[in-house]
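Here's the letter readout for the chains.
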Amino acid sequence: MRRLLLKNGLVIDPFSGTETKNDLLIEGGRIARVGSALKAPAGCESFDAGGLWVFPGFVDAHVHAREPGSAAETLLTAARAAAAGGVTSLLLMPNTDPPMATAALLRKYSKRAALLPVNVYLSAAITAGRAGKKLAAFAALKKAGAKAFTDDGTCPEDPGLFAAAVRAAAAAGLPLLDHPEFFSITGAGVVNAGSPVSRRLPAIAPEAEYFAVLRDIAAAAASGPVHLQHLSLAASVDALRAAKACGLPVTGETCPHYFTLTDRDINPANADFKMKPPLRSPADREAVLAAVADGTIDIIATDHAPHERRLKEKGFLAAPFGITGLETLAPLCVTELALKRGLSKLLLARLLSANPARLLGLPRKGGLAPGFDADITVLDPRRSRRVPQKFFSLSDNSPFKGRSLKGWPVAVIARGLFVFRYGRPQFC
Ligand SMILES: [Zn+2]
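Residues numbered from 1 in each chain as written. Predicted model: local features only at pLDDT ≥ 70, side-chain atom pairs only at ≥ 80, totals over all residues. Heavy atoms only, no water.

(A) Just the sheet that holds strand E15 (residues 299-300), in detail. Across the sheet, which stays open at both edges, the four strands sit in the order E10-E13-E14-E15 with parallel pairing between neighbours. If you trace the sheet from one side to the other, it starts and ends with strand E10 (177-178) and E15, each paired once. In this sheet, E15 lies alongside strand E14 (residues 250-254) in parallel orientation, the contact comprising two bridges. Of the residues in E15, the one forming a bridge with Glu253 is Ile299. (Pairing = 2+ DSSP bridges. Helix = DSSP H or I, 4+ residues; strand = E, 2+ residues; numbered from the N terminus.)

(B) Structural detail: the domain arrangement of the protein. According to the domain assignment, the protein consists of domain 1 (3-54 + 372-425) and domain 2 (57-359). Distance from the C-alpha centre of domain 1 to the C-alpha centre of domain 2: 25 Å. Here domain 1 packs against domain 2, burying approximately 3,600 Å² in sum over the two surfaces, 64% of which is carbon and sulfur. A per-residue breakdown of the area domain 1 buries against domain 2 is headed by Asn397, Pro399 and Phe400, which together make up 18% of the total. Along the contact surface separating domain 1 from domain 2 lie three salt bridges. In this structure, the salt-bridge partner of Lys345 is Glu19, at a minimum N-O distance of 3.6 Å. At the boundary of domain 1 and domain 2, one finds 18 residue pairs in polar contact (both at pLDDT 80 or more). (Domains from an automatic or database assignment. Buried area = accessible area lost by both parts, 1.4 Å probe. Salt bridge = Lys/Arg side-chain N within 4 Å of Asp/Glu carboxyl O. Polar contact = N/O pair within 3.5 Å; in protein donor to acceptor, adjacent residues only side chain to side chain.)

(C) How the structure looks around the packing of helix H4 (residues 159-172) against helix H6 (residues 207-223). In contact at an axis separation of 10 Å, H4 and H6 are set at 50° when each is read in the N-to-C sense. The angle between the axes of H4 and H6 places the two elements in the oblique class. H6 is crossed by H4, and the crossing has right-handed handedness. Packed against H4, whose contacting residues are Pro159, Phe162, Ala163, Val166 and Arg167, the element H6 presents Arg215, Asp216, Ala219 and Ser223 at the interface. (Axes fitted to C-alpha atoms, helices over the stretch in contact; angles between N-to-C directions. Parallel < 35°, antiparallel > 145°, perpendicular 65-115°, else oblique. Left-handed = near helix turned anticlockwise from the far one by under 90°. Contact = heavy atoms within 4.5 Å.)

(D) Quick look at the pairing of strand E7 (residues 87-92). Within E7, six of the six residues are buried, leaving the element largely enclosed by the surrounding structure. In terms of strand pairing, E7 meets strand E8 (residues 119-124) through four bridges, oriented parallel. Bridge pairing in E8 places Leu91 opposite Tyr121. (Buried < 20%, exposed > 50% of the residue type's maximum accessible area, 1.4 Å probe, protein only.)

(E) View of the nonpolar core. With 83 residues, the main nonpolar core has Phe149 and Leu337 as its most contacted residues. When residues in this core are grouped by element, the largest group, seven residues, is from helix H1 (residues 75-84). Formed jointly, this core draws a minimum of three residues from each of two domains, domain 1 (3-54 + 372-425) and domain 2 (57-359). Ignoring any residue separated from it by four or fewer positions in sequence, one finds Leu337 in contact with Phe259, Leu289, Val292, Ile300, Leu332, Gly342, Leu343 and Leu348. (Core = buried A, V, L, I, M, F, W, Y, C linked by side-chain atoms within 4.5 Å.)

Given below as structure tokens:
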């Protein structure tokens, strides 16, 4: 049996609620033992994690791998970017071309995903053809491998259709993830209303997100669990907090850019600052940070949205929405949340690993106790490095290039094997 001993790291385990300097013995792809001064069995490889933080592998519930239909990324390059970012499990969004809306396509890509050395899961569209008109065949899509339902990229706006989707997802026993945005309000907007750049570029009224969030909370109250994707507004997180206080089955997500950047940071000459929802005001960023700190936000996901350089160079108005995120997830969370704001490492482990694993129904992921899958992310909290100009992702549309950050992955293990080490993914 393949064995690996990870020694002397600060082991952060949300399952037991502890962070302790410990050793981890991995056997056959699972965590076999946790303890101090564990002896390496004969022939066992060992890795010294002294001075490093050892997290359960990150679970990113919001990734666009762009396959099929675009040259911006592939399943393989997304998996390499994930490994480099400390993400050992990722859920792909269905807004591909054609969309992941048929059982045949789900089966084909589930088979391909299963060959990758990190855990890649597929979501399926809520509506047939992701067209927002009628429900997809939830039971057949689940049978074909779907782990969640979402129309991400768009939002099923029809309230009757959405309520039916929430009920169908609950009946299928899978999470319903919504991109909360009413496009009738967004119109041709590209930046946050009220921001300095909105004097030069068309604005998106915050109601585009907020009204959809309120609709989704109402659907959760009436019909079943709803997960709110990429929340960016103070009003949205306030509504989520109130809904949770009422005991409603609703969970929320945000992304590193919403607690790191604001609409004041936008360079209108650089469409790498263009994403959906748009960057918001400093007050919104503070509210999102507070909601992350107090547990209102359940998970941090990247919304990794690679785009070809030639498309991003079309200018702020014409370029597509979205930024890459997998490779900057860990250092942004460590630098912005743990080091600058003093959030605990255990909270980070819940936001990045345990909570998304629970949302997606992955029972042996998100913890570091014996019996859990040996998916492990080892970070260096001290060494500062600039975000590079080039990425392992096929695309490089990141607004964070050149930014000095700490908390970069040093070693990443999935199913007991190194998938990232010596500064590069260990597969090609
Ligand atoms: Zn979205």
